[in-house]
Amino acid sequence: MTSTHAFWLAGRQATGEDTFDVTSPWDGRLVGKVSVPTDAQVEEAVAAAHAVRDEFAATPAHVRAAALDHVSKRLAERTEEIARLISAENGKPMKWARGEVGRAVSVFRFAAEEARRFNGGEAQRLDTDLGGQGRLAFTRRFPKGVVLGIAPFNFPLNLCAHKVAPAIAAGAPIILKPAPATPLSGLIIGDLLAETELPAGSWSILPVANDRMPALVRDERLPVISFTGSEKVGYAIMDSVPRKHCTLELGGNGAAVVLADWASDEDLDRAANRIATFSNYQGGQSCISVQRVIADASVYDRLLPRIVAAVEAQVTGDPSDDATDVGPLVSEDAAQRVEAWVQEAVEAGARLLTGGKRDGASYAPTVLAEVPADVTISCEEVFGPVLTVQKVEGEAEAFAAVNDSKYGLQAGVFTHDLQTAFSAHRALEVGGVVIGDVPSYRADQMPYGGVKQSGVGREGVRFAMEDYTYERVMVLTGISL
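In what follows, the accompanying structure is described. Just so we're clear, the structure is a prediction, and the values are computed from it rather than from any experiment. (Residues numbered from 1 in each chain as written. Predicted model: local features only at pLDDT ≥ 70, side-chain atom pairs only at ≥ 80, totals over all residues. Heavy atoms only, no water.)

**Comments concerning the packing of helix α3 (residues 79-90) against helix α4 (residues 94-117)**
Link 1 in the chain: For the pair α3 and α4, interaxial distance at closest approach is 8 Å and the crossing angle is 125 degrees. Relative to α4, α3 is oriented oblique. As α3 runs across α4, the sense of the crossing is right-handed. Every residue of α4 that contacts α3 at T79, E80, I82, A83, R84, I86 and S87 is listed here: M94, A97, R98, E100 and V101.
Link 2 in the chain: Looking at the contact of α3 with α4 residue by residue, the class counts come to six nonpolar, two polar and four charged. (Axes fitted to C-alpha atoms, helices over the stretch in contact; angles between N-to-C directions. Helix = DSSP H or I, 4+ residues; strand = E, 2+ residues; numbered from the N terminus. Parallel < 35°, antiparallel > 145°, perpendicular 65-115°, else oblique. Left-handed = near helix turned anticlockwise from the far one by under 90°. Contact = heavy atoms within 4.5 Å. Nonpolar A, V, L, I, M, F, W, Y, C, P; charged D, E, K, R; others polar.)

Encoded structure:
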């Protein structure tokens, strides 16, 4: 019999009156039952976080850093166990699940480091003008208040870590809502935080249903919202609370540009393999997976068959098998949506070069060419193992094709030319440009986020901490400099 997983309410385990099942998208088996907090328990968590906010902001840096170091260490110790849990509830192949745990280990380690050095204060002399003579400004950052962190299903551990770790490092209480499809990985963070000495109320992990979120989003005691998910939901949140601070990490349709100078057989093999791997890793369910390949005409005919062969070499199947590269999508509904978008593109004239088949929640890695610009798969985020390949003439046309999108998260540019790299950095309307690789690279300490419809604000530990805090200046009078 499967036991019921408790949630974490103000630092302690609790159970509600109802439960829901978490099932594997691969074979439908029951992975676990999760207890659902009642409205009264949610209120208790919010009230506790609001009440402890001043105490937590004043908690010594070494206390917060020690807690974060502890979580990092314990995640590393339990890597295999947690990776299997991620794979079971999410359908992520084990090789990627282990990588996700490793990233979460780093996120908490980075946060511990930042907790020790963040907000040391900055002095600014004011006697640069006569009226400021004898005065000195001293600036520090203070938490804006309780953070409501809303995490998605595709990285059920690491994106929860990106909500929780920066908040704790900055001294901001956090209420985390993991995705309903994948709450178990987020609850593991609670298991580890409970082993620390953080103040009661400084963190809660509440697996509440999406339809209960509007009340939490509107609660004035939660002035900061950090959301990762769909464009539709993210902007609905922002529109509903225009006076709150919202960080939104939303969708993308990541482009990989292959330019004329990336022309040797070795170059093209590398580009094809990287593109194939990162259009299909996580089942394509990553905001920065490769969705569009934009290839210069001079390399297009040699690159395209290499991409198709590399995609066909991806091993699909049981995510618990170490040999598997591509597992199922999160649900059969998600796979059916991808299937419909591919069918629409083919009916509009796109060439299907490989893939295009669905089996339950699994969708075969797919390559499309000559895709009309106005079909859904050209305009929206597919969030599945599908890529399109487009031919262009020259650098300017390639960069224009990248920018011809409502999204702007990250782009990859395969070039050896340093001047072209800087041109891409200037020209591309995205939050990050990766030179010599696909757009799917993310280091967890770097600023990460997008422009246009890809969101506002930045994740990455220190950058999230800045989002969660504000500057407060103190002016000292009668100072001799």
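**Some points on the sheet that holds strand β4 (residues 18-23)**
Link 1 in the chain: The mixed open sheet is built from three strands, whose spatial order is β1-β5-β4. Two strands lie at the open edges of the sheet, namely β1 (4-5) and β4, each paired on one side alone.
Link 2 in the chain: Across six bridges, the pairing between β4 and strand β5 (residues 30-36) is antiparallel. Each residue of the ladder has a partner; that of T23, found in β5, is L30.
Link 3 in the chain: Along the sheet, helix α6 (residues 183-193) makes contact with β1, β4 and β5, crossing β5 at roughly 60 degrees. (Pairing = 2+ DSSP bridges.)

**A few points about the packing of aromatic side chains**
Link 1 in the chain: Throughout the structure, instances matching the rule amount to six aromatic pairs.
Link 2 in the chain: On the numbers, 5.3 Å between centres and 65 degrees between planes, the contact of W96 with Y281 is edge-to-face. With W96 in helix α4 and Y281 in the loop between α9 (265-280) and β14 (292-296), the pair connects residues that are 185 residues apart, well separated along the chain.
Link 3 in the chain: For Y281, a relative accessible area of 6% corresponds to the buried category.
Link 4 in the chain: With a centroid separation of 5.2 Å and 65 degrees between ring planes, the pair formed by W262 and F414 is classed as edge-to-face. Placement of the pair is W262 in the loop between β13 (255-258) and α9 and F414 in strand β21 (residues 410-414), with a sequence separation of 152 residues.
Link 5 in the chain: For W262, a relative accessible area of 5% gives the class buried.
Link 6 in the chain: Put simply, the rings of W96, F278 and Y281 touch in pairs and so form one group of aromatic residues.
Link 7 in the chain: Note that R103 overlies the ring of F155, its terminal NZ or CZ placed 5.6 Å from the centroid. (Phe/Tyr/Trp six-rings, centres within 6.5 Å; stacked < 30°, edge-to-face > 60°. Buried < 20%, exposed > 50% of the residue type's maximum accessible area, 1.4 Å probe, protein only. Lys NZ or Arg CZ within 6 Å of the ring centre and 35° of its normal.)

**Brief notes about the pairing of strand β11 (residues 224-228)**
Link 1 in the chain: Across the five residues that make up β11, a large majority, five, are buried.
Link 2 in the chain: Side chains of β11 alternate between two faces, with V224, S226 and T228 and I225 and F227 buried alike.
Link 3 in the chain: Pairing geometry for strand β8 (residues 147-150) and β11, over four bridges, is parallel. Bridge pairing in β11 links G149 to S226.
Link 4 in the chain: Traced from β11 through helix α8 (residues 231-240) to strand β12 (residues 245-249), the parallel crossover comes out right-handed. (Right-handed = clockwise from strand over helix to strand, strands pointing away.)

**Observations regarding the sheet that holds strand β25 (residues 469-477)**
Link 1 in the chain: With respect to topology, three strands assemble into an open sheet ordered β6-β7-β25, the strand pairing being antiparallel. In this open sheet, the two strands that pair with only one neighbour each are β6 (122-125) and β25. Going across the sheet, the axis of each strand differs from the next one's by a mean of 25 degrees, ignoring polarity.
Link 2 in the chain: Pairing analysis gives nine bridges linking strand β7 (residues 135-143) to β25, with the strands arranged antiparallel.

**Observations regarding the environment of K163**
Link 1 in the chain: With respect to the secondary-structure elements, K163 resides in helix α5 (residues 158-170).
Link 2 in the chain: What makes K163 buried here is its relative accessible area of 0%.
Link 3 in the chain: Note: C-alpha distance between K163 and K177 (14 residues apart in sequence) is 9.7 Å.
Link 4 in the chain: Contact partners of K163, with chain neighbours within four places excluded, come to G149, I150, I174, L176, S226, F227, T228, E459 and Y468.
Link 5 in the chain: Reaching out from K163, the side chain makes a polar contact with the side chain of E459 at a distance of 2.9 Å. (Polar contact = N/O pair within 3.5 Å; in protein donor to acceptor, adjacent residues only side chain to side chain.)

**Some words on the pattern of salt bridges**
Link 1 in the chain: Under the defined criterion, the tally for this structure stands at 34 salt bridges.
Link 2 in the chain: In this structure, R141 engages E471 in a salt bridge whose closest nitrogen and oxygen atoms are separated by 3.9 Å. Here the residue R141 occupies a position in strand β7, and E471 occupies one in strand β25, the gap between them amounting to 330 residues.
Link 3 in the chain: Here E471 falls in the exposed class, since its relative accessible area comes to 55%.
Link 4 in the chain: Through salt bridges with shared partners, a single network forms among E80, R84, R98 and D322. (Salt bridge = Lys/Arg side-chain N within 4 Å of Asp/Glu carboxyl O.)

**Some details on the side chain of D219**
Link 1 in the chain: In this structure, D219 sits in the loop between α7 (213-218) and β11.
Link 2 in the chain: A polar side-chain atom of D219 sits 2.8 Å from a polar atom in the side chain of R221.
Link 3 in the chain: Other than its neighbours up to four places away in sequence, D219 contacts V46 and K244.

**Details of the packing of helix α2 (residues 61-77) against α4**
Link 1 in the chain: Contact geometry of α2 with α4 gives a least axis separation of 8 Å together with a crossing angle of 165 degrees. Relative to α4, α2 is oriented roughly antiparallel. Two packed elements cross with a definite hand, and for α2 against α4 that hand is left-handed. Every residue of α4 that contacts α2 at A61, R64, A65, A66, L68, D69, V71, S72, L75 and A76 is listed here: V101, A104, V105, F108, R109, A111, A112, A115 and R116.
Link 2 in the chain: Considering only residue class, the contact of α2 with α4 consists of 14 nonpolar, one polar and four charged.

**Examining the nonpolar core**
Link 1 in the chain: If you look at the biggest cluster of nonpolar residues, it comprises 81 residues, and the most contacted ones within it are L68, L75, F108 and L148.
Link 2 in the chain: Other than its neighbours up to four places away in sequence, L148 contacts I175, M213, L216, V217, L222, V224, I225 and S226. (Core = buried A, V, L, I, M, F, W, Y, C linked by side-chain atoms within 4.5 Å.)

**Some thoughts on the environment of A464**
Link 1 in the chain: As for its placement among the helices and strands, A464 is situated in helix α15 (residues 461-468).
Link 2 in the chain: Sequence separation between A464 and P447 is 17 residues; the distance between their C-alpha atoms is 8.4 Å.
Link 3 in the chain: Setting aside chain neighbours within four positions, we find A464 in contact with P166 and R458.

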